[in-house]
Each structure stands twice: as structure tokens, then as C-alpha cells.
Amino acid sequence: MTMPSGRRERKKAATRQKIADTALRLFLERGYDAVGIREVAAEADVAVTTLFSHFASKEALVFEQDEDFEQRLTQAVTGRASHEPLIPALRCEIQALVRHCTADDAAPIWRMIDESPALRRYEESMRLRHAETLATAIAADPDLSQTATASRTIARFVIDAYSLAREAADPEAAVDEIFRMIEAAWEVTRPAARNSR
């Protein structure tokens, strides 16, 4: 019974990836604004309705790993052992994302994003959504016992760390520097630190 379901999910994932790969290729070849949704669907050999069943907007085609990244950040909070500190777990996920986004083959994609106001707006809204999702996960963890404000602040810092490091001359060093500051901010918000004042 689970076999057909697994096959269906694999087929959906393959179709989604094919659409995303096709869109990115066309965007990089011709420019983001010069390519329409219908062209992407035709080139990927899918109906426009199929494309929209996988991607909510044209911008989402560029950020096809958006949901995966958001889930990985949440999992860094919810999936860690109770004794495992939060900030190093989040640092690991941000480091992986920065490595992925600063690889040589990612440079043309980021140039395209930087040149498109629509893509920049979409990325900003995506980051805000990621920060809210991450803040919710932090606030819901009873072992962390953080206020909503502290949870949202740390989440914003973590999400912004990705953008700042991606744009730095030395992304790895930037992640290290930023996360030292995030760790210090986190320590200040911990109940033991507050009670010792």
C-alpha cells in the first residue's frame, strides 16, 4: 500500500525538480524578466496548472529550495537532543546554506536575483517568513524557555547571518564572527543570565 504512494511522491518530486531546473536554465539564458510562465511550462513539458501546483509564483521557481531550508532550520531546533545547545545547531545549518549559496555555480543566480527587484522582494519576504517560523520553533521548545521577543530576535539574527555571510569576502569567517555575536546575545537572554543580575 505504501509503495504506490512512494512512487507517486517520487514522481511529483521529479516533476517539480524538472520544472525548477528548466526555469532556472531559461532565466539564466534569457534573463528573468524575459521568460514567462507559459514558456517555462512548455519547455518543461507540463501544463501551466501543473507548474502552479508545484510553485505558487514565478519568483518561487528561483527559490525552489525555500521550503527545504525552512524545514531544516526548524529541525535544527526541534530535532536536537535535549542536552544539545541551540546556537551551534543553527550555525551548522546556516553554514551549510552559505556554502551552497556561495559555490561557484551559484554566482550567476545571485547576480540575477540582485538585478531583479521582484526577486529581491521575494527573497526578503521569504527571509521574514523563515525568521517567524524559526522563532515559533524556539519559543515552543520548553527546554529553551525564551520570551517571544527573545525568540524572534535570535531568529532574525540567525536568518540575517545567512545574508550577511553570503555577501562577505570570506563567508566562512563571516559566519564564525556573526555566530559569536549571536551566541553572546543568546547567553544574555537565558533565564540564568537574567536571574544573576
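Here, every reference points to the structure presented above.
Rules used throughout
Residues numbered from 1 in each chain as written. Predicted model: local features only at pLDDT ≥ 70, side-chain atom pairs only at ≥ 80, totals over all residues. Heavy atoms only, no water. 1 Å grid on protein atoms, 1.4 Å probe; cavity = no way out; pocket = protein on both sides within 12 Å on 5 of 7 lines; lining within 4 Å. Points joined across faces, edges and corners; volume = space filled by probe spheres on them. Helix = DSSP H or I, 4+ residues; strand = E, 2+ residues; numbered from the N terminus. Nonpolar A, V, L, I, M, F, W, Y, C, P; charged D, E, K, R; others polar. Phe/Tyr/Trp six-rings, centres within 6.5 Å; stacked < 30°, edge-to-face > 60°. Buried < 20%, exposed > 50% of the residue type's maximum accessible area, 1.4 Å probe, protein only. Lys NZ or Arg CZ within 6 Å of the ring centre and 35° of its normal. Salt bridge = Lys/Arg side-chain N within 4 Å of Asp/Glu carboxyl O. Axes fitted to C-alpha atoms, helices over the stretch in contact; angles between N-to-C directions. Parallel < 35°, antiparallel > 145°, perpendicular 65-115°, else oblique. Left-handed = near helix turned anticlockwise from the far one by under 90°. Contact = heavy atoms within 4.5 Å. Expected span 1.5 Å × (residues − 1). Arc of directions from axis to C-beta.

*Asks:* Sorry if this is basic, but what is going on with the layout of surface pockets here?
*Replies:* Of the voids in this model, the largest pocket is the one considered here, and its volume is about 640 Å³. Lining the largest pocket are 28 residues, with Val62, Glu64, Gln65, His100 and Cys101 positioned closest to its centre. By residue number, the principal contributor to the lining of the largest pocket is helix 1 (residues 2-30), which donates five residues. Residues belonging to the lining of the largest pocket are distributed by class as follows: 17 nonpolar, four polar and seven charged.

*Asks:* Please explain the packing of aromatic side chains as it appears in this structure.
*Replies:* Aromatic rings considered in pairs are described by the distance between their centres and by the relative angle of their planes. Inspection of every chain in the model, using the stated rule, returns four aromatic pairs. Here phenylalanine 69 and tyrosine 162 contribute two aromatic rings whose centre-to-centre distance is 6.3 Å and whose plane-to-plane angle is 45 degrees, an arrangement assigned as tilted. A residue pair is termed long-range when its members are at least 10 positions apart, and phenylalanine 69 in helix 5 (residues 66-78) and tyrosine 162 in helix 9 (residues 148-167) qualify at 93 residues. Seen in terms of ring centroids, tryptophan 110 and tyrosine 162 are 6.4 Å apart; in terms of plane orientation they differ by 55 degrees. Their pairing is tilted. Of the two residues, tryptophan 110 sits in helix 7 (residues 107-115) while tyrosine 162 sits in helix 9, which places them 52 residues apart along the sequence. With respect to burial, tryptophan 110 and tyrosine 162 carry one shared label: buried. Among the aromatic residues, those joined into a ring-pair cluster are Phe69, Trp110 and Tyr162. One residue, lysine 58, lies across the ring of tyrosine 32, its end atom 4.3 Å from the ring centre. The ring of tryptophan 110 is capped by arginine 166, whose NZ or CZ atom sits 3.5 Å from the centre of that ring.

*Asks:* What exactly am I supposed to notice about the pattern of salt bridges here?
*Replies:* Between side chains of opposite charge, a pair can form when the charged atoms approach closely. In the structure shown here, the tally under the stated rule is 13 salt bridges. Close ionic contact of glutamate 124 with arginine 127 constitutes a salt bridge, the shortest N to O distance being 2.2 Å. Of this pair, glutamate 124 and arginine 127 both sit in helix 8 (residues 117-140), three residues apart, which is roughly one turn of the helix. Because the salt bridges share partners, they merge into one network encompassing Arg25, Glu29 and Glu43.

*Asks:* Where do I start with the packing of helix 5 against helix 8 in this structure?
*Replies:* Two measures define how a pair of helices packs: the angle their axes make with one another and the distance between the axes. At a minimum axis distance of 9 Å, the contact between helix 5 and helix 8 shows a crossing angle of 20 degrees. Here helix 5 lies roughly parallel to helix 8, going by the angle between them. In this structure, helix 5 crosses over helix 8, and the sense of that crossing is right-handed. Counted together, Asp66, Phe69, Glu70, Leu73, Thr74, Val77 and Thr78 of helix 5 and Tyr122, Met126, Arg129, His130, Thr133, Leu134, Ala137 and Ile138 of helix 8 form the full contact between these two elements. Residue composition of the contact of helix 5 with helix 8, by class: eight nonpolar, four polar and three charged.

*Asks:* What is the right way to read helix 5 from this model?
*Replies:* Owing to its 3.6 residues per turn, the α-helix aligns residues three or four sequence positions apart on the same side. The terminal C-alpha atoms of helix 5 lie 19 Å apart, and with 13 residues this matches the ideal 18 Å at 1.5 Å per residue to within 8%. By the burial criterion, the buried members of helix 5 are Asp66, Phe69, Glu70, Leu73, Ala76 and Val77. Seen along its axis, helix 5 keeps its buried residues to an arc of 120 degrees; they face one direction. Exposed residues pointing more than 90 degrees away from the buried face of helix 5 are listed as Glu67, Gln71 and Thr78.

*Asks:* Would you mind showing me how to read unusual backbone geometry here?
*Replies:* Negative phi values dominate among residues other than glycine, just as trans dominates among peptide bonds. Phi is positive for aspartate 45, close to 60 degrees, though the residue is something other than glycine. Position of aspartate 45 relative to the elements: it lies in the loop between helix 2 (37-44) and helix 3 (48-54). For aspartate 45, a relative accessible area of 65% puts it in the exposed group.

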